[in-house]
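Inside the fold
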Amino acid sequence: MNTIGHNFIAGSRSAEGDKILKSLNATTGEALDFDFHQATEQEVNRAIEAAHAAFKTYRHTSPEQRAVFLETIADELDALGEEFLNTISLETALPIARLQGERGRTSGQMRLFAKVLRRGDFLGARIDTALPDRQPLPRPDLRQVKIGVGPVAVFGASNFPLAFSTAGGDTASALAAGCSVVVKAHSGHMATADYVAQALERAVEKTGMPKGVFNMIYGNAVGALLVKHPLIQAVGFTGSLKGGRALCDMAAARPQPIPVFAEMSSINPMLMLPEALKNRGDQIAQELADSVVLGCGQFCTNPGLILGIKSPEYTQLIEQLSEIMANKPPQTMLNAGTLKSYTSGLSHLAEHAGIQHLAGQDQQGDQALPQLFKADVELLLAGNQLLQEEIFGPTTIVIEVEDKAQLLQALSSMNGQLTASLIAEDQDLEEFAEVVPVLEEKAGRLLLNGYPTGVEVCDAMVHGGPYPATSDSRGTSVGTLAIDRYLRPVCYQNYPQNLLPEALRDENPLNLLRLVNGEMTRDRI
């Protein structure tokens, strides 16, 4: 495959800018043999204008047409061979087996949204037929359906070069919603992005979709241009709190504000309850350590804070966890910038008087060393944000509370989270039932006797949560509900059949389950 490093605009390649970007070998730091042209402001504008023009046509494609398009993208991704996987591994230091799994998840997301399109429930069809004889006032004929919001700017993520990047969940859900996309390729895996973008372009060509339904540009400097452009109607982002908040502020400051669906920062607290520790403390210590270091800790659901009630069993868990973490090997991170951020985060913890370092060698060299810290619960109760800031890497913090009352206080003082986990026995669940309502207010996914690393792509999944886990807790970036982020409702009043969308016509040509006069039915009207 020919990776030429040109921007993808309306089905063509463009390289007008003179600033050349290099992709790096994540392990050695050496530049790979690819040149990428940072998009100029004019190229960014053209990409957005192409997406806008394509949206005018693409939004009128049928659910079946879009389903076939997504399935064709999936086929093209699955067809990418060994050279593709080796390139991703060079750029990210992720093992081939992990990348094979992630490619399957990425193509699987496309096929899952194809099923959503054929099922049709995403349209949210609602019909209230006219009541001309109603007193004191008649009711008009009212019919509601959801349509795509318009061109979406998608920011590729660093830690999932496939599943959260060029053809990841944001792109898949936006295309399923009938929106066109402009992707900003992540600087950490530009060659990977180029491969994937070419696969997407082949799918556009094979299915006859409008050129410009997919576009991709290179360069960190182009992000603000995307968000501020008046034709962009929504933003999808996965990354740091600082970066996500900057995009939210830009979008809110526009003359026409737009929604930003940003997944940003989560420490994913885990609660170790007493009976569970008494019955299986050794097992819990090993499983917890394995979860913390999985993938070098580079998951947004990495367990970053461990809470337990003061007891001999919890003390033993901390001791065992310290020993296991001290013997965990170093790992190569995604890139030098990620390692630098990890090292900086560790320094901030080590310098605080209320935080004790329990395990792990001094961070040095070009690999991340697993670390374990213990913090005074009073820091959490006082709202110290150092304990609530995600440290992206193989580290976690343990906190000991005095009793159930203090545990509830500690949980109540926490920021919003993607996940919150209970390690518990039946007796614990009875004694600590008050914990669950608190967790419901704090997190998007509640786990019982499980570890948060690993997110299933399915209808019921929620990968979101109250701020700062995400910028809008009403959505999810994983699972089929993600499509709702890029849809908006439209109501038609007293419209003739020939001007109504198919989903709202009397004969129900799409055979949808619709809400008609307050009853769910597939019947014709």
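On a predicted model such as this, the values are computed, not experimentally measured, just so you know.

Let's shift gears to the pattern of salt bridges. One side chain can pair with another of opposite charge once the charged atoms of both are near each other. Tallied over the entire structure, the rule returns 22 salt bridges. In this structure, arginine 13 and aspartate 194 form a salt bridge, with 2.9 Å as the shortest nitrogen-oxygen distance. A residue pair is termed long-range when its members are at least 10 positions apart, and arginine 13 in strand S2 (residues 12-14) and aspartate 194 in helix H6 (residues 190-207) qualify at 181 residues. Salt-bridge contacts for lysine 22 lead to aspartate 35; the nearest nitrogen and oxygen are separated by 2.7 Å. Linking lysine 22 in strand S3 (residues 20-24) with aspartate 35 in strand S4 (residues 31-37), this pair joins segments that are 13 residues apart in sequence. Residue class for aspartate 35 comes out partly exposed when judged on its relative accessible area of 40%. Overlapping salt bridges bring together Glu64, Glu71 and Arg118 as one network.

Only one face of S3 is covered, namely the face carrying Leu21 and Ser23; the face carrying Ile20, Lys22 and Leu24 is uncovered. Of the pairings in the sheet, the one linking S3 to S4 comprises four bridges and is antiparallel in character. Paired with leucine 21 across the strands is phenylalanine 36, a residue of S4. As consecutive antiparallel partners, S3 and S4 are separated by six residues, and within that stretch glycine 29 has a phi angle of approximately 80°, a positive value.

What follows deals with the environment of serine 158. Mapped onto the elements, serine 158 comes out in the loop between strand S7 (152-155) and helix H5 (169-176). Residue contacts for serine 158: discarding those within four places in its chain leaves His186, His189 and Leu334.

When the parts of a complex come together, some accessible area is lost, and that lost area is often taken as the interface size. What the domain assignment reports for the protein is domain 1 (18-24 + 33-264 + 475-485) and domain 2 (269-448). Between the C-alpha centres of domain 1 and domain 2 the distance comes to 33 Å. Listed as interface residues are eleven residues of domain 1 and, on the opposing side, ten residues of domain 2. Interface area, domain 1 with domain 2, both sides summed: about 790 Å², of which 59% is carbon and sulfur. Along the contact surface separating domain 1 from domain 2 lie zero salt bridges. Applying the counting criterion to the domain 1 and domain 2 interface returns one residue pair in polar contact (both at pLDDT 80 or more). Here the side of domain 1 that touches domain 2 is built from residues that sort into four nonpolar, four polar and three charged.

Cut-off values and rules
- Residues numbered from 1 in each chain as written.
- Predicted model: local features only at pLDDT ≥ 70, side-chain atom pairs only at ≥ 80, totals over all residues.
- Heavy atoms only, no water.
- Salt bridge = Lys/Arg side-chain N within 4 Å of Asp/Glu carboxyl O.
- Helix = DSSP H or I, 4+ residues; strand = E, 2+ residues; numbered from the N terminus.
- Buried < 20%, exposed > 50% of the residue type's maximum accessible area, 1.4 Å probe, protein only.
- Pairing = 2+ DSSP bridges.
- Contact = heavy atoms within 4.5 Å.
- Domains from an automatic or database assignment.
- Buried area = accessible area lost by both parts, 1.4 Å probe.
- Polar contact = N/O pair within 3.5 Å; in protein donor to acceptor, adjacent residues only side chain to side chain.
- Nonpolar A, V, L, I, M, F, W, Y, C, P; charged D, E, K, R; others polar.

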